[in-house]
Amino acid sequence: DSMQVVLESESGLFFINSEGVLENFEPSSNNLFVDEVTEIRGNYTFTTYKSIRTLIVPKGVKEFQSDFMRGVKVIERFELPEGLVSIGNNGNSCGKSSTCVFSNSILPEVVVPQSVQEIGDFAFGHSYINVLQLPVTLRSKYGRQFKDSYIKTVKLPNEWSDFVVLKENNTIMFNADNHDYESYGYLNWCTTEVENLEFY
């Protein structure tokens, strides 16, 4: 059943299928895409294909199609809705993996909603993120969700302040040897540069 439902936010029209997967996006007339942006931060060069003022994803979206917004710079506001279940998945069900959802992007602030259970491989790979806030509920495995990215500030729940540290080489690591990597895999980012670590 390929019936599409149209949801709307001030950013434009969002087309989801019957399972809540976001398949397409049509920006509103005051929020159009502009071509090609290159941004250099330290040793990183981020080349995005287009920029847009806002990307406010409406409630009702549960997950995204692969490469949904790959290579986009969002200038003002990037918002994900409560009710979102996954940002890409690792294809454990029938090979239906969706990856690279927001990879190669430049994003102002990413607040991952409490409802998100999984962030898939390379979902935000090789991206520049100004502020990233993760919920206490998240238990994605692996560690490739933010591979090769540069994140200015990571905000983590207070509950984790005892076992997550920012190393001198600007990577986030566990400071407990016996930590459950299966549950907290996405915090084991040896190739993600983080400038500041905060707890909320």
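The paragraphs below set out a description of the structure included in this document.

**What to know about the environment of Gly-42**
Here comes step 1: Inspection of the secondary structure puts Gly-42 in the loop between strand S4 (34–41) and strand S5 (44–56).
Here comes step 2: Considering only alpha carbons, one finds Gly-42 and Gly-12, 30 residues apart in sequence, at a separation of 34 Å.

**Examining unusual backbone geometry**
Here comes step 1: Despite not being glycine, Phe-122 shows a phi value in the positive range, around 60 degrees.
Here comes step 2: Looking at the element boundaries, Phe-122 is found in the loop between strand S10 (118–119) and strand S11 (128–133).
Here comes step 3: The phi torsion at Asp-148 lies on the positive side, around 60 degrees, for a residue other than glycine.
Here comes step 4: Tracing the backbone through its elements, the reader meets Asp-148 in the loop between S11 and strand S12 (150–156).

**Let's talk about the environment of Thr-48**
Here comes step 1: Take Thr-48: it is sitting in strand S5.
Here comes step 2: For the pair Thr-48 and Arg-70, spaced 22 residues apart in the sequence, the C-alpha separation amounts to 8.2 Å.

About the cut-offs
Residues numbered from 1 in each chain as written. Predicted model: local features only at pLDDT ≥ 70, side-chain atom pairs only at ≥ 80, totals over all residues. Heavy atoms only, no water. Helix = DSSP H or I, 4+ residues; strand = E, 2+ residues; numbered from the N terminus.

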